[in-house]
Amino acid sequence: MQTICAECGGVFAVENTIHYGNVDVCSGCKPAFMQKLAEGASVKTGEFQYGGFWIRFLALFVDSLISLAANIIIAVAAGFNLMQAIGLQPKGTLTFTYAWAGIVWVLGALYEILMVRQYGATLGKMACGLKVIREDGSPLSLGLSTGRFFAKYLSFLTLYIGFIIAAFDIEKRALHDRICSTRVIRK
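Since this is a predicted model, take the numbers as computed values, not measurements. (Residues numbered from 1 in each chain as written. Predicted model: local features only at pLDDT ≥ 70, side-chain atom pairs only at ≥ 80, totals over all residues. Heavy atoms only, no water.)

As a further point, take the overall build of the protein. What the protein contains, in helices and strands, is eight helices and six strands. Walking the protein from its N terminus toward its C terminus, one meets helices and strands in the order β-β-β-β-α-α-α-α-α-β-α-α-α-β. Relative to its length of 187 residues, the protein is extended, with a C-alpha radius of gyration of 21 Å against a globular reference of 16 Å. Seen along its three principal axes, the alpha-carbon backbone of the protein occupies a region of about 70 × 30 × 25 Å. Relative to its full complement of 187 residues, the protein shows a buried share of 33%. In the protein, the share of contacts with a sequence separation of at least 24, taken over all contacts with a separation of at least 6, comes to 51%. (Helix = DSSP H or I, 4+ residues; strand = E, 2+ residues; numbered from the N terminus. Rg over C-alpha atoms; globule rule 2.2 N^0.38 Å. Buried < 20%, exposed > 50% of the residue type's maximum accessible area, 1.4 Å probe, protein only. Contact = heavy atoms within 4.5 Å.)

If you want it as C-alpha cells, here you go:
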C-alpha cells in the first residue's frame, strides 16, 4: 500500500513513512517535518482539494479553443483556405474529409493522452490550476491516460451526464474518472 508524503507530495510505501495525526511523512522529509512541529507550525492535512464542475468546464473550454486554433493552423499549413479550415467550405471528396477528420482526431487524442501522462494535465487544466492523478495521488501511466481518454466518450455518449455527475460527487469525479479511478485536483 502506498501513501503520499505531506511535505514533498511524493508517493511512498506506507512502511517507509512515519504517520503523524492524519498525515504521512517520508524519511527524507522527517527532519524538516519534526523541526516544524517543534516550532509549532501547523501540519498540512494531506487531503486533496478536488477540482469542481465549473473549473473543469472552464479547463475543457480552454482546451477546445487550443484545439480549434491548432486545427486551423494545421489546415492552413496543409493548403486549405481559411473557410475550409474552419469547416464552412468542403475540403474535397467525402473520403478526403473523413481522412482529414481522422488525422485531426488522432492529433487531439495524442495531445490529451501524452499531456496527461507527462504533466498530469492538458494546457487547459494547467491554466486552471488542475491536475489529474490516480486515487493514491500518483501520476497516470500511459495506459491509464489512454483509457481515461477513451472513457471520456462514455461521458459524451450519455448526453453529457457523465460530466454533469462531477457536480454532485463528493470527490468531483466524472464518469471517466470513476471508470479509471482518477481524480482531478487543484494544485
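Right, picking up where we left off after that structure.
Moving on to unusual backbone geometry. Here the phi dihedral of Tyr 160 falls at roughly 70°; this positive angle occurs in a residue that is not glycine. You can see Tyr 160 is positioned in the loop between helix 6 (142-157) and helix 7 (161-164). Taking the relative accessible area as the measure of exposure, Tyr 160 reaches 47% and is therefore partly exposed. Phi at Lys 172 is positive, roughly 55°, even though this residue is not glycine.

What follows concerns the pattern of salt bridges. Within this structure, the stated rule accounts for eight salt bridges. For Lys 152, the salt bridge identified is with Glu 112, shortest N-O distance 2.8 Å. Placement of Lys 152 in helix 6 and of Glu 112 in helix 4 (residues 94-119) is noted, with a sequence separation of 40 residues between them. Judged on exposure class, the residue Lys 152 and its partner Glu 112 are both buried. Asp 169 is the salt-bridge partner of Arg 173, the closest N and O atoms lying 3.2 Å from each other. Residue Arg 173 shares its accessibility class with Asp 169, and that shared class is buried. Connected through salt bridges with shared partners, the residues Glu 135, Asp 169, Glu 171, Arg 173, Arg 178 and Arg 183 form a single ionic network. (Salt bridge = Lys/Arg side-chain N within 4 Å of Asp/Glu carboxyl O.)

Tracing the backbone through its elements, the reader meets Leu 123 in helix 5 (residues 123-127). Between the C-alpha atom of Leu 123 and that of Glu 112, which follows or precedes it by eleven residues, the distance is 9.0 Å. Setting aside its immediate chain neighbours within four residues, Leu 123 contacts Asp 63, Ile 66, Tyr 111 and Met 115.

Moving on: the side chain of Asp 63. Here Asp 63 is to be found in helix 2 (residues 53-77). Buried charged residue Asp 63 carries no salt bridge. Nearest counter-charge: Lys 125, at 4.8 Å. (Lys, Arg positive; Asp, Glu negative; His and termini not counted.)

Within the largest apolar cluster, eleven residues are counted, these being Ile 55, Ala 59, Val 116, Cys 128, Leu 130, Val 132, Leu 140, Leu 144, Ala 151, Cys 180 and Val 184. For this core, the elements supplying multiple residues, two or more each, are helix 2, strand 5 (130-134) and helix 6. Ranked by size, the runner-up nonpolar core spans seven residues in total, among them Ala 6, Val 23, Cys 26 and Cys 29. (Core = buried A, V, L, I, M, F, W, Y, C linked by side-chain atoms within 4.5 Å.)

Time to look at helix 4. With 26 residues, helix 4 extends 37 Å from end C-alpha to end C-alpha; this agrees with the ideal 38 Å at 1.5 Å per step. Buried residues of helix 4: Trp 100, Ala 109, Glu 112, Ile 113, Met 115 and Val 116, and no others. Positive phi shows up at Gly 120, right after helix 4, with a value of about 80°. (Expected span 1.5 Å × (residues − 1).)

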